[in-house]
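These are the residues of each chain, in order.
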Amino acid sequence: MLRVALTHRQGDFELDVSFDAAPGVTVLFGRSGSGKTTIVNAVAGLLRPDRGRITVGDTVLLDTDRGLRVPPHRRRLGYIFQDGRLFAHLTVRQNLIYGAWFAGLGRSPRALPHVLEMLGIGPLLARRPAGLSGGERQRVAIGRALLAQPRLILADEPLSALDDARKAEVLPYLERLRDEVQVPILYVSHAPAEVARIATTVVALEGGRVTGIGTAAQVLGDPDVAPLGIRSAGAVIAATLRRHHADGLSELDAGGIALFVPRIAMAPGTSVRLRIAAHDVILARDRPTGLSALNILPGTITAIRQGQGPGAMVRLSTPAGVVLARITARSAQALDLAPGTTAHAIIKSVAIAPDDVG
């Protein structure tokens, strides 16, 4: 368990946060300037906060009341930066081994074969960073951090410098890292799709304060908590991959309801979760017919939140889980929508991108 309590003032910005991070991936989620990187740098020891206490398990990294501050190089942390920051003059093998050597683990760490297999970087060992793609560099950076046998991994927006294709390449490895490595990860992001796919716990930040803590479904499903508001609001649905179809669609089972998405490279039986953005959902009172949309979820409206503008956010409870729909207030009134009424959520298959399923 990572426990963080920090207060720090820098110019006009004041950070005042306190949270506990359970095992798995804890995502610090918020707009630029909300305090995400300040927190990570304080945990890494790269920033001296005005006051705070940081512990990982039974190890105290910082306690300003006691005058205790463990130097950065003695904290046993792995840091994955936005740009990888590999040593340009070293090969991939040498970059990987450096992490173990710096941690005092020698030049032939026993974990190397497993890390190479998990991250798919075995064929890259003899190459130098200049000859790698952005996604390959980030996978090597992850491997270097792992081989240092850290007690905690810090990842500061590790996908933000990559294009969509490279992000899609790296995300499955981050998911595998979450599931297979027993090291907690503190991950910085402002991308809802990333948060939905990899987060175990989400800490929502706004203006240097924690506005909410919960699962990805809880935070992204509550526009009052999600720091990006309606832009990041949406459902996170748990499902099982049922089968692949010859027409290029994959069929999911979500609470007994079939959902069709563009083909995903996973085996039938795999448990997945997918993000459905609120602005991609259409509502109908009666089950529609004659539509091109394949995904229709029946449910009951549990809440309607009217914004200051023309929009309204409708929360619908379905067998697949909670679904949010962003519609106009005029449409809500025309359909006579209210808590307790039945409705159907309509979602186009192509609106769910492969990157939204993990």
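Please read these numbers as outputs of a predicted model, since none were measured by experiment. (Residues numbered from 1 in each chain as written. Predicted model: local features only at pLDDT ≥ 70, side-chain atom pairs only at ≥ 80, totals over all residues. Heavy atoms only, no water.)

Scanning the protein from N- to C-terminus turns up eight helices and 20 strands. A compact globule built from 358 residues should have a C-alpha radius of gyration of about 21 Å, and the protein, at 22 Å, falls within 12% of that. Overall, the protein is about 65 × 50 × 30 Å in size when its C-alpha atoms are taken along their principal axes. Sorting the 358 residues of the protein into buried and exposed places 51% on the buried side. When contacts within the protein are restricted to residue pairs at least 6 apart in sequence, those whose partners lie at least 24 apart make up 65%. (Helix = DSSP H or I, 4+ residues; strand = E, 2+ residues; numbered from the N terminus. Rg over C-alpha atoms; globule rule 2.2 N^0.38 Å. Buried < 20%, exposed > 50% of the residue type's maximum accessible area, 1.4 Å probe, protein only. Contact = heavy atoms within 4.5 Å.)

A word on the nonpolar core. A general feature of soluble globular proteins is that nonpolar side chains tend to end up buried together. Membership of the largest hydrophobic core comes to 46 residues, with the highest contact counts inside it found for Leu96 and Tyr187. The leading source of residues in this core is helix α4 (residues 134-147), at six residues. Excluding its chain neighbours within four sequence positions, the residues that come into contact with Tyr187 are Val25, Thr26, Val27, Leu28, Ala155, Pro158, Leu159, Leu174, Glu194 and Ile198. Among the nonpolar cores identified, the runner-up in size contains 30 residues, and Ala239, Ala254, Leu297 and Val314 belong to it. (Core = buried A, V, L, I, M, F, W, Y, C linked by side-chain atoms within 4.5 Å.)

Two side chains carrying opposite charge are able to pair once their charged atoms lie near each other. Inspection of the entire model under this criterion finds 16 salt bridges. Residue Glu175 is joined to Arg197 by a salt bridge in which the shortest nitrogen-to-oxygen separation is 2.9 Å. Of this pair, Glu175 sits in helix α5 (residues 164-180) while Arg197 sits in helix α6 (residues 192-198), and the two are 22 residues apart along the sequence. When sorted by exposure, Glu175 lands in the same class as Arg197, which is buried. A salt bridge links Arg178 to Asp179; its shortest N-O distance comes to 2.8 Å. Of the residues examined, Arg178 reaches a relative accessible area of 19% and is grouped as buried. A cluster of three or more residues bridged by salt bridges with shared partners is formed by Arg242, Arg243, Glu251 and Asp253. (Salt bridge = Lys/Arg side-chain N within 4 Å of Asp/Glu carboxyl O.)

Attention shifts here to the pairing of strand β10 (residues 201-206). Of all six residues that make up β10, five are buried, and the element is covered over most of its length. With four bridges connecting them, strand β3 (residues 25-29) and β10 associate as parallel partners. Within β10, the position partnered with Val27 by the bridge is Val202. With five bridges connecting them, β10 and strand β11 (residues 209-214) associate as antiparallel partners. Residue pairing across strands places Ala204 opposite Gly212, the latter belonging to β11. (Pairing = 2+ DSSP bridges.)

What follows concerns the sheet that holds strand β17 (residues 295-306). Taking strand neighbours across the sheet as the criterion, the five strands line up as β16-β20-β17-β18-β19 in an open arrangement whose pairing is antiparallel. Strand pairing shows two members of the sheet lacking a second neighbour, β16 (281-284) and β19 (321-328), which therefore form its edges. Each neighbouring strand pair of the sheet contributes to a mean axis angle of 45°, computed without reference to strand direction. (Axes fitted to C-alpha atoms, helices over the stretch in contact; angles between N-to-C directions.)

UniProt's entry tags residues 290-356 with the feature "domain: Mop" (unreviewed entry), counted in the numbering of this structure. Each end of residues 290-356 is marked by a C-alpha atom, and these two atoms are 27 Å apart; helix forms 9% of the span and strand 51%. (UniProt positions renumbered as here; feature names shortened; annotations may be inferred.)

Per the domain assignment, the segments of the protein are domain 1 (2-231) and domain 2 (234-356). Between the C-alpha centres of domain 1 and domain 2 the distance comes to 32 Å. Across the boundary between the two partners, domain 1 contributes 18 residues, which contact 12 residues of domain 2. Across the domain 1/domain 2 interface, buried area totals approximately 1300 Å², and carbon plus sulfur atoms make up 50% of it. For the interface between domain 1 and domain 2, the tally reads zero salt bridges. On the surface where domain 1 and domain 2 come into contact, there are five residue pairs in polar contact (both at pLDDT 80 or more). (Domains from an automatic or database assignment. Buried area = accessible area lost by both parts, 1.4 Å probe. Polar contact = N/O pair within 3.5 Å; in protein donor to acceptor, adjacent residues only side chain to side chain.)

Further remarks concern the sheet that holds strand β14 (residues 257-262). Spatially, β14-β13-β12-β15 is the arrangement adopted by the four strands of the open sheet, whose pairing is antiparallel. Edge positions in the sheet fall to β14 and β15 (271-277), since each has one partner strand and no second. Averaged over all neighbouring strand pairs, the angle between strand axes comes to 45°, with direction disregarded. Where strand β12 (residues 234-244) lies against strand β13 (residues 249-254), four bridges are found, and the strand directions are antiparallel. What sits directly across from Thr240, in β13, is Asp253.

Quick look at unusual backbone geometry now. A positive phi angle, close to 55°, is found at Arg76, a residue other than glycine. Summarising the element assignment, Arg76 is placed in the loop between β6 (68-69) and β7 (77-80).

Here the focus is the side chain of Glu175. A residue is classified by how much of its surface remains accessible, and Glu175, at 9% relative accessible area, is buried. Side chain to side chain, Glu175 and Arg197 meet in a polar contact 2.9 Å long. Excluding residues that lie within four positions of it along the chain, Glu175 makes contacts with Arg197, Ile198 and Gly358.

With that out of the way, let us pick up the packing of helix α3 (residues 112-119) against α5. Where α3 contacts α5, the two axes come as close as 9 Å, and the packing angle between them is 135°. The angle between α3 and α5 falls in the class oblique. Contact residues: α3 offers His114, Glu117, Met118 and Leu119, while α5 offers Tyr173, Arg176, Leu177 and Glu180. Split into classes, the residues belonging to the contact of α3 with α5 amount to four nonpolar, one polar and three charged. (Parallel < 35°, antiparallel > 145°, perpendicular 65-115°, else oblique. Nonpolar A, V, L, I, M, F, W, Y, C, P; charged D, E, K, R; others polar.)

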